[in-house]
Amino acid sequence: MAIQSPEGTRDLLPDEAKFWAHFKAVAADIFGRYGYLPIETPLFEQTELFVRGIGEATDVVSKEMFTAISGQNLQTLLDGGSIKAKSRLSLRPEGTAGVVRAVVQHDLVPQGAQPAKLMYAGPMFRAERPQKGRQRQFNQVGIECLGAEEPSVDAEGIIMLMRFYAAIGIPVESTRLLVNSMGCEACRPAYREAVRAFMAEHAGELCEECNRRAEINPLRAFDCKNPGCAAVMEGAPKITDHLCDDCRAHYEAVKAYLDGAGLAYVEDSKLVRGLDYYTRTVFEVQVTEGMGSQNAIGGGGRYDKLAQEVGGRPTPGFGWALGYERCVLALEAAGRAFPPAARCDFFVACVDDSVRAEAFSLVQAMRDAGFAGEMDHQHRSLKSQFKLADKLDAAQVAVLGPDELAEGKVKVRNMQTHEERLADLAATKALLARLSAEPQGFEPPSIDEVFGA
Ligand code: AMP
C-alpha cells in the first residue's frame, strides 16, 4: 500500500492551502489594527520551557508532548546514558510559552515600555488520540500581549477575536463566548483548598483520575468528561465566590468593556482551561451546532506569572489561540465552502505544433505583465484545449494558428460572451512589455484592454 500521512495529521490541498493563506492574511489585517505585530518562534523548544511554563501536571505536558531527541543523543539514551537538560527538546504543543520565552530572551518589554503585542500562526503538536476536530498536528493563530495588566487589554483581545470569526465567515449566532476569572496567587490557593476539601467529601463518587487530580491539581476535575464527575463538580465551590477584591474588580471591568462593545457572553465559573499558567481572565469560544464534542474554536486568558516562571522579570500577559481546523469545521457546519484556489485570466490555445514556440512566448509575456494563465503541455487537440480552458475557468482564450500568425494576428475569444475578435500580435506584445516594466503591485488593465477590445 502507498504510504499515508501520519495519524492525526492532514494535508492542506491547494484550495485549502490557499484558504489558510487567506485566513492568516485576514488575521494579520484585523489584529494589525489593534497593534499586533508578527513573531515567528521555533517549532521546538527545550522541554523544560513547557514543563515550567505550562505545568508538569497538565495533560498537555504529562501525556501529549512529542519529544524530539537528536541522533547522537537518542543513541546515548538508548545505551542507558543521560543527556543535558538543554538537549531535551519538544515540539511546541501551544504558542504562548515560546513567545513569552522570546519576549524574555530579547527583552521586548523593558521596564516602563509600552506592551509588546505579538501574533503568530503555525502548526502545534499534541500526541492526542485523533478524532474529528482533534489532530496531532494542527494550526493555530494566536496573540500575546505582554506588559499590561489593564482589563482593557483582555477585553480588546476578546473583541478582536470575535470580529475575526465574523470576518472569516463563522456566523456569530452560532458561537458562544464563555468567560470566567481564575483569581490570582492571593485568592486561588484558598479556593483550590476548598475544591480539594469538597472532592475529598465526594471521593467515592469521583473517578480514579479525579481522585488523583484532587492531590496535584483539583481544578482539573472541572474538565473531566466522565458524566458522574461532571455531576458532582456542578456542586463544587465557585471561584467567583472566592475572588479577592482586586481580581473581582478586574473581572467586573473586563465584563463592562465587553458589555460596552455589545458582545454577548456567558459566565461559566467551571471554565478553568487546561493549562496551569492562567490567572484572572479565562475565556473560550464554542460553536453551538454541528461540531460534536470538539466544539471549542478558540480560547485563552491572562497569565501574569508566566514570564517569571520562565526566568524573566514580572511581566503581566494576556493571550489566546484559535484552532484553524476547528474554524474550517465551523464553516462547514454553517454550509460555507472554500472558494476555489485557482485563478485563470487567459489560456493560449495552439491550432497546431508550428505555433507552439510563439504560444509559449505569449504565455510568458502575459504572466510577466501580471496575468495568470496557462497553455497546453500535453499535445491536446484544439477541442480539448478549449475544454481545459473551460475547466480552468479562463476568462479569455487566445487561439494561435499558422494563418493568423502569418498575418501577425491572434484570435481572442471571451469565454463568457463567446465573442471573438482578431487582435494585433505586435501591438499586444508591445503593451505587455510596457506592463511588465511596471513596478509590482500596480493595478493592471483588464485583459480586454490588453487584446485591444
Ligand atoms: P488550547 O491551547 O488547548 O486552548 O487550544 C486553543 C484552540 O486550538 C482550541 O480552542 C482548538 O480550537 C484548537 N485545538 C487545540 N487542540 C487541538 C487539536 N488537537 N486538534 C485541533 N485543534 C486543536
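Analysis parameters
Residues numbered from 1 in each chain as written. Predicted model: local features only at pLDDT ≥ 70, side-chain atom pairs only at ≥ 80, totals over all residues. Heavy atoms only, no water. Domains from an automatic or database assignment. Axes fitted to C-alpha atoms, helices over the stretch in contact; angles between N-to-C directions. Helix = DSSP H or I, 4+ residues; strand = E, 2+ residues; numbered from the N terminus. Parallel < 35°, antiparallel > 145°, perpendicular 65-115°, else oblique. Contact = heavy atoms within 4.5 Å. Nonpolar A, V, L, I, M, F, W, Y, C, P; charged D, E, K, R; others polar. Pairing = 2+ DSSP bridges. Left-handed = near helix turned anticlockwise from the far one by under 90°. Patch = residues over 30% accessible without salt bridge, like charges linked within 9 Å, V, L, I, M, F, W, Y side chains within 5 Å. Areas by Shrake-Rupley, 256 points an atom, 1.4 Å probe, with all protein chains shown as cover. Salt bridge = Lys/Arg side-chain N within 4 Å of Asp/Glu carboxyl O. Lys, Arg positive; Asp, Glu negative; His and termini not counted. Charge placed at Lys NZ, Arg CZ, Asp CG, Glu CD. Buried < 20%, exposed > 50% of the residue type's maximum accessible area, 1.4 Å probe, protein only. Core = buried A, V, L, I, M, F, W, Y, C linked by side-chain atoms within 4.5 Å. Expected span 1.5 Å × (residues − 1). UniProt positions renumbered as here; feature names shortened; annotations may be inferred.

Trainee: Just to check I follow, could you spell out the domain arrangement of the protein chain for this structure?
Mentor: In many analyses, interface size is given as the accessible surface area lost on bringing the parts together. Along its sequence, the protein chain is organised into domain 1 (14-172 + 279-333) and domain 2 (346-450). The C-alpha-based centres of domain 1 and domain 2 are spaced at 47 Å.

Trainee: Looking at this model, I keep getting lost on the packing of helix α1 (residues 14-33) against helix α12 (residues 324-333). Mind explaining?
Mentor: Two packed helices can be described by the angle between their axes and the distance between those axes. The N-to-C vectors of α1 and α12 enclose an angle of 110 degrees; their axes lie 12 Å apart at closest approach. The angle between the axes of α1 and α12 places the two elements in the roughly perpendicular class. Facing E16, F19, W20 and F23 of α1, the residues of α12 in contact are Y324, C327, V328 and L331. Counted by class, the contact of α1 with α12 contains seven nonpolar, no polar and one charged residues.

Trainee: Looking at this structure, how should I read the sheet that holds strand β12 (residues 346-350)?
Mentor: In a beta sheet, neighbouring strands are held together by backbone hydrogen bonds and run either parallel or antiparallel to one another. The strand order across the open sheet built from five strands is β13-β12-β14-β15-β16, with neighbouring strands paired in mixed fashion. Single-partner strands in this sheet number two, and they are β13 (373-375) and β16 (420-424). Within the sheet, the average angular offset between the axes of one strand and its neighbour, ignoring direction, is 25 degrees. Sheet topology note: the β12/strand β14 (residues 396-400) ladder contains five bridges and is parallel.

Trainee: Could you clarify how one ought to interpret the environment of V363 in this entry?
Mentor: By the element assignment, V363 lies in helix α13 (residues 356-368). Between the C-alpha atom of V363 and that of F347, which follows or precedes it by 16 residues, the distance is 8.0 Å. Excluding residues within four positions of it along the chain, V363 makes contact with F346, V348, E374 and M375.

Trainee: Sorry, what's going on with the packing of α13 against helix α16 (residues 425-436) here?
Mentor: In the contact formed by α13 and α16, the axes pass within 8 Å of each other and the chain directions differ by 35 degrees. The handedness of the crossing between α13 and α16 is left-handed. Where α13 abuts α16, its residues E358, S361, L362, A365, M366 and D368 lie against L425, K429, L432 and S436. Of the residues belonging to the contact of α13 with α16, the class tally is five nonpolar, two polar and three charged.

Trainee: Sorry if this is basic, but what is going on with a negative patch on the surface here?
Mentor: Negative charge collects at one region of the surface, where E149, E150, D245 and D246 lie side by side. Relative to the elements of secondary structure, D246 occurs in helix α10 (residues 245-260). Taking relative accessible area as the criterion, D246 reaches 55% and is therefore assigned exposed.

Trainee: What exactly am I supposed to notice about the nonpolar core here?
Mentor: The tendency in soluble globular proteins is for nonpolar side chains to be buried side by side. One finds F23, F31, F164 and Y165 to be the most contacted residues of the largest nonpolar core, which totals 96 residues. Looking at which element gives the most residues to this core, the answer is helix α6 (residues 151-168), with 10 residues. Within the second largest apolar cluster, 24 residues are counted, among which are F346, C350, F371 and L432.

Trainee: Any chance you could explain α16 here in plain terms?
Mentor: Three or four residues apart is the spacing at which side chains of an α-helix point the same way, because the helix has 3.6 residues per turn. Between the first and last C-alpha of α16 there are 16 Å, a value that for 12 residues agrees with the 16 Å anticipated at 1.5 Å per step. Against the buried residues of α16 lie α13, β14, α15 (402-406), β15 (409-414), β16 and α17 (447-450).

Trainee: Can you help me understand the UniProt feature "binding site: L-histidine" (unreviewed entry) in the protein chain in this one?
Mentor: UniProt records the feature "binding site: L-histidine" (unreviewed entry) at E94, G95, T96, R126, Q140, E144, R273, Y277 and Y278, using the numbering of this structure. By secondary structure assignment, the location of G95 is in the loop between β4 (89-91) and α5 (96-105). Beyond its immediate chain neighbours, meaning those up to four positions away, G95 contacts Y120, M124, Q140 and E144.

Trainee: Sorry if this is basic, but what is going on with the environment of F19 here?
Mentor: On the secondary structure map, F19 appears in helix α1. For F19 and V109, which are 90 residues apart along the polypeptide, the C-alpha to C-alpha distance reads 34 Å. Those residues within four positions of F19 in sequence are excluded, and the remaining contacts are I168, Y324, V328, L331, F338 and P339.

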